[in-house]
Amino acid sequence: MKALVFLLLLAVVTAKRYERCELARAMKANGMDGYQGISLANWVCLAKHESDYNTGAINHNSDGSTDYGIFQINNRWWCSNGKFPSSNGCKISCSQLLTDNISQAAQCAKTIVRQQGITAWVAWRTYCKDRDLSSYTAGCGV
Ligand SMILES: *[C@@H]1O[C@H](CO)[C@@H](O)[C@H](O)[C@H]1NC(C)=O
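Being a predicted model, the structure only gives us computed values, none of them experimental.

Please clarify how the overall build of the protein should be interpreted in this entry.
Broken down by element type, the protein carries five helices and three strands. Ordered by position from N to C terminus, the α and β elements of the protein give α-α-α-β-β-β-α-α. On C-alpha atoms alone, the protein measures out to a radius of gyration of 15 Å, which is about the 14 Å that the 2.2 N^0.38 rule sets for 142 residues. In terms of overall dimensions, the protein has a C-alpha envelope of 45 × 30 × 25 Å along the principal axes. A total of 142 residues make up the protein; the buried ones form 44% of that total. Sequence-distant contacts, at least 24 apart, represent 54% of the contacts inside the protein between residues at least 6 apart.

In structure tokens, the structure reads:
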């Protein structure tokens, strides 16, 4: 319990809500622009509707699993919190997906896209697919 409280505290302390262009630049710096043919605007749109650009976002699902961070990555398949049974496809602790440095989350998102494509994200299908996404990177100089 103490460890859990500490981890939650850590997440709160180091989490961050990005500005749109700041996130677009960070994603680009992490090699996401054009990765598997997915444009930066698609990634920014995905993050907007999954987490509202908040690296500390945590949401619980009805199946008992939990989604973590800016890309709302699931702990049944991709990360482990040490308790919930996980295949841990990204070989990562879920808390590493909550920090202000999006590097680990970006690597994990790339793993997911390689295996399942961007359609793995419900929010992308709902809010980004077949839309004009130019506003997500407009004025960002990316
Ligand atoms: C973010 O983390 C990665 C490694 O996980 C590191 O290489 C990089 O320098 C960090 N970026 C910043 C801005 O601290």
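Please explain unusual backbone geometry as it appears in this structure.
For residues other than glycine, phi is negative in most cases, and the peptide bonds are mostly trans. Phi at Gln 36 takes a positive value of approximately 55°, unusual for a residue other than glycine. In this fold, Gln 36 is placed in the loop between α2 (20-29) and α3 (40-51). A positive phi is found at Tyr 53, a non-glycine position, where the angle reads about 65°. The exposure class assigned to Tyr 53 is buried, which follows from its relative accessible area of 8%.

When you look at the packing of aromatic side chains in this model, what are you seeing that I'm missing?
Two aromatic rings, taken as a pair, are described by how far apart their centres are and by the angle between their planes. Considering all chains together, one arrives at two aromatic pairs under this definition. Consider the rings of Trp 43 and Phe 71, whose centres lie 6.0 Å apart with planes at 70°: the pair is edge-to-face. Within this pair, whereas Trp 43 is found in helix α3, its partner Phe 71 is found in the loop between β2 (66-68) and β3 (73-74), the two being separated by 28 residues in sequence. As far as the burial class goes, Trp 43 and Phe 71 line up, both buried. Residues Trp 43 and Trp 121 carry aromatic rings whose centres are separated by 6.0 Å and whose planes lie at 80° to one another, so their mutual orientation is edge-to-face. Here Trp 121 lies in the loop between α4 (103-116) and α5 (122-127) and Trp 43 lies in helix α3, a separation of 78 residues in the sequence.

I keep staring at the pattern of salt bridges and nothing clicks. Help me out?
Two side chains of opposite charge can pair, provided their charged atoms sit close to one another. Going through the model one piece at a time under the given rule, you end up with four salt bridges. The salt bridge partner of Glu 22 is Lys 16, with a shortest N-O separation of 2.6 Å. Judged by its relative accessible area of 27%, Lys 16 falls in the partly exposed class. Between Arg 76 and Asp 63 there is a salt bridge, with its nearest N and O atoms 3.3 Å apart. Of this pair, Arg 76 sits in the loop between β3 and α4 while Asp 63 sits in the loop between β1 (58-60) and β2, and the two are 13 residues apart along the sequence. Residue class for Arg 76 comes out partly exposed when judged on its relative accessible area of 27%. On the basis of relative accessibility, which here comes to 43%, the residue Asp 63 falls in the partly exposed class. A single network of salt bridges, built from pairs that share partners, joins Arg 17, Lys 48 and Asp 52.

Which parts of the structure should I look at to understand the nonpolar core?
Side chains that are nonpolar tend, in soluble globular proteins, to be buried together. Leu 23, Met 27, Trp 43, Phe 71, Leu 97 and Trp 121 are the most contacted members of the largest nonpolar core, which has 42 residues in total. Secondary structure elements with two or more residues in this core: α2, α3 and α4. When residues in this core are grouped by element, the largest group, seven residues, is from α3.

Explanation requested: the site of the ligand in the structure shown.
Surveying the vicinity of the ligand reveals the residues Asn 101, Ser 103 and Gln 104. Between Asn 101 and the ligand, the recorded distance is 2.4 Å, taken from a side-chain N or O atom to an oxygen atom. Taken by itself the ligand offers 360 Å² of open surface, and the protein chains cover 25% of this.

What counts, and where the lines are drawn
Residues numbered from 1 in each chain as written. Predicted model: local features only at pLDDT ≥ 70, side-chain atom pairs only at ≥ 80, totals over all residues. Heavy atoms only, no water. Helix = DSSP H or I, 4+ residues; strand = E, 2+ residues; numbered from the N terminus. Rg over C-alpha atoms; globule rule 2.2 N^0.38 Å. Buried < 20%, exposed > 50% of the residue type's maximum accessible area, 1.4 Å probe, protein only. Contact = heavy atoms within 4.5 Å. Phe/Tyr/Trp six-rings, centres within 6.5 Å; stacked < 30°, edge-to-face > 60°. Salt bridge = Lys/Arg side-chain N within 4 Å of Asp/Glu carboxyl O. Core = buried A, V, L, I, M, F, W, Y, C linked by side-chain atoms within 4.5 Å. Near = heavy atom within 4 Å. Polar contact = N/O pair within 3.5 Å; in protein donor to acceptor, adjacent residues only side chain to side chain. Areas by Shrake-Rupley, 256 points an atom, 1.4 Å probe, with all protein chains shown as cover.

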